[in-house]
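Read off the chains here:
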Amino acid sequence: MKTIRYIDTYSHHTIHEQFNASLLTMCALVYDRVEYHSGCSSRKRVDQLLERCSIDRSRIHHKSLWVWGGGFSRINNILRLLLSAFQNIRIVLCAGAEKLLLFNYNNLFSLLAVDWLCRIFQRRVLICCHGEMEFILDKKNWGGFFVKLQRKIAVRFFLASKRKSRLYFVVMGDSILFHIRQTVSPELAERFISVDHSYIFGSTRPRVEVNKPLQIGTVGVLTEAKGYDTLCVLAERLQAMKKVKLTVTGRIFADIEPLERFGVDLPCNKGIAPLEDEEFRERIERLDYILFLYPTDSYRMIASGAVMDAVDKARPIVSLRNDYFSYLFNKYGNFGFLAEDTSHLLHLIEQLGQGELQCSAIDFDELRHKMSPEVLCAELKTALSTINWL
């Protein structure tokens, strides 16, 4: 019987719920038995998503872990990371050499210790990589003490010229794997495999007719790193154009005064706190397009769950082009527009608002099928076979 341990020592409540549930589904489709180790609050959210999937859930056997609860403040996140690191070390130390250990989150605070244990005790560990990989490309020394410490650990581990690790790593797409191979040593690059980010989709239907004025907006957290400055530029230029309404749906970690001055539609709470679920859904349902303003040099080392959310909501995207979005468009087909720079982006939005440009019909059902765990589990199976995990 093929068995894998799926280990989640970090997720609490809604953190990474789609990634967790979809990857767990793929594992259950590849292996006969999946031992799912996680906190109770995360498991409840994952179980709700698994109800949408046609898998044999008797293959999944849950074992509870103590994951730091509390809210989503900076101190709670630090404590959650530290407890997660301790749990990771304990699990690797106590596992047998024949066990397959899949960690769905790359906790940098335990990375060096887990690698050392794997080399000493011959453990078999596969770690999923997320946003932490951007640290090895980021030249700016931004953030507080713990962010800087994570960056230092990431650089020390992944950019070491003679790193001989026993760990395996999985990234969410071949475009990311390409950049990994261009950045780390050849020896370490051989320890990476690639599987596309899957998603457990709902059944939202596309809009039949566009709004007048056209509604286009960002969804999720808005920060300077996620395009706040670009949004301000667009809002100022589009302010006099009555055929386009820019919106923000999500929490805002920036000055809202310019957004209000330029007529951007903000949530009821002005983005100072997470939105209530009902308001969040209603605002997305009103959108004609979802706007992505990430810098063009971003998403080289990380996948985007937010773009999957757009597909789930059956909304085309309008975005600045980056390597990952280009990869998705090339592989799965266009589901919106990609702009080369801010001027091009502004021109696209103006054309959409004036009716001079329309998005071609998008078969969201087919798109969702291609990105589903049931289809992408074949990629996972192929990737795992290359590292002798089957």
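Structure: see above.
Not measured: the values here are computed from a predicted model.

**Looking at helix α5 (residues 145–158)**
Item 1. For α5, with 14 residues, the first-to-last C-alpha span of 20 Å sits near the 20 Å given by 1.5 Å per residue.
Item 2. Looking only at α5, the buried set comprises Gln150, Arg151, Ile153, Ala154, Phe157 and Phe158. Burial along α5 is one-sided: seen end-on, the buried residues are contained in an arc of 165 degrees. Opposite the buried face of α5, at more than 90 degrees from it, the exposed residues are Phe145, Lys152 and Arg156.
Item 3. Residues of α5 that are buried sit in contact with α3 (74–94), α4 (108–121), β6 (168–171), α7 (186–189) and β7 (192–194).

**A short note on the sheet that holds strand β11 (residues 317–320)**
Item 1. The five strands lie next to each other as β9-β8-β10-β11-β12, forming an open sheet whose pairing is parallel. Of all strands in the sheet, those with a lone pairing partner are β9 (244–249) and β12 (336–339), marking the two edges. The mean angle between the axes of side-by-side strands here comes to 25 degrees, regardless of whether they run parallel or antiparallel.
Item 2. As judged from the two bridges shared by strand β8 (residues 214–219) and strand β10 (residues 289–292), these two strands associate in the parallel manner. In the strand pairing of β10, Ile216 is matched with Tyr289.
Item 3. Packing of helix α12 (residues 323–332) onto the sheet brings it into contact with β10, β11 and β12, and relative to β12 it is tilted by some 140 degrees.
Item 4. Strand contacts of helix α13 (residues 342–354): β8, β9, β10, β11 and β12, with the helix running at about 150 degrees to β12, the strand carrying the most contacts.

**Observations concerning the nonpolar core**
Soluble, globular proteins show a tendency: their nonpolar side chains are buried together.
Item 1. Grouped together as the largest cluster of nonpolar side chains are 102 residues, with contacts concentrated most on Phe158, Phe169, Phe192, Tyr324 and Phe335.
Item 2. In this structure Phe169 touches Leu111, Leu126, Ile127, Cys129, Phe157, Phe158, Leu188, Arg191, Phe192 and Ile193, once residues within four positions along its chain are discounted.
Item 3. Counting 30 residues, the second largest nonpolar core, distinct from the first, contains Tyr228, Leu234, Met241 and Val318.

**Let's talk about the environment of Phe262**
Item 1. Take Phe262: it is sitting in the loop between α9 (257–261) and α10 (277–286).
Item 2. We classify Phe262 as buried; its relative accessible area is 12%.
Item 3. Separated by 134 residues in the primary sequence, Phe262 and Cys128 have C-alpha atoms spaced 41 Å apart.
Item 4. Once residues lying within four places of it in the same chain are set aside, the contact partners of Phe262 are Cys232, Ala235, Glu236 and Gln239.

**Topic: the pairing of strand β2 (residues 33–38)**
Every other side chain in a regular strand lies on the same face of the sheet, so the side chains alternate between the two faces.
Item 1. Burial analysis of β2 places five of its six residues in the buried class, which makes it a mostly covered element.
Item 2. The pairing of strand β1 (residues 3–7) with β2 spans five bridges and is parallel. The residue bridging Tyr6 from the neighbouring strand is Tyr36, located in β2.
Item 3. After leaving β1, the chain enters helix α1 (residues 17–30) and then returns to the sheet as β2, a path that is right-handed.
Item 4. Sheet topology note: the β2/strand β3 (residues 60–64) ladder contains five bridges and is parallel. By the bridge assignment for β3, Tyr36 is matched with His62.
Item 5. As for the winding sense of the linkage, the β-α-β connection from β2 through helix α2 (residues 40–50) to β3 is right-handed.

**Focus on the packing of aromatic side chains**
Item 1. The full count for this structure, using the stated rule, is 20 aromatic pairs.
Item 2. Arranged with centres 5.3 Å apart and planes meeting at 65 degrees, the rings of Phe158 and Phe169 form a pair that is edge-to-face. With Phe158 in helix α5 and Phe169 in strand β6, this residue pair connects regions lying 11 residues apart in the sequence. When sorted by exposure, Phe158 lands in the same class as Phe169, which is buried.
Item 3. Considering the side-chain rings of Tyr289 and Phe337, the 6.4 Å spacing of their centres and the 45 degrees angle between planes classify their relative orientation as tilted. Taken together, the positions of Tyr289 in strand β10 and Phe337 in strand β12 put the pair 48 residues apart, joining distant regions of the chain.
Item 4. Note on Tyr289: relative accessible area 6%, which makes it buried.
Item 5. The buried category is assigned to Phe337, whose relative accessible area is 14%.
Item 6. These aromatic residues form a ring-pair network of at least three members: Phe292, Tyr294, Tyr299, Tyr324, Phe325 and Tyr327.
Item 7. Positioned above the aromatic ring of Tyr168, the side-chain terminus of Arg191 is 3.9 Å from the ring centre.

Cut-offs and rules
- Residues numbered from 1 in each chain as written.
- Predicted model: local features only at pLDDT ≥ 70, side-chain atom pairs only at ≥ 80, totals over all residues.
- Heavy atoms only, no water.
- Helix = DSSP H or I, 4+ residues; strand = E, 2+ residues; numbered from the N terminus.
- Expected span 1.5 Å × (residues − 1).
- Buried < 20%, exposed > 50% of the residue type's maximum accessible area, 1.4 Å probe, protein only.
- Arc of directions from axis to C-beta.
- Contact = heavy atoms within 4.5 Å.
- Pairing = 2+ DSSP bridges.
- Axes fitted to C-alpha atoms, helices over the stretch in contact; angles between N-to-C directions.
- Core = buried A, V, L, I, M, F, W, Y, C linked by side-chain atoms within 4.5 Å.
- Right-handed = clockwise from strand over helix to strand, strands pointing away.
- Phe/Tyr/Trp six-rings, centres within 6.5 Å; stacked < 30°, edge-to-face > 60°.
- Lys NZ or Arg CZ within 6 Å of the ring centre and 35° of its normal.

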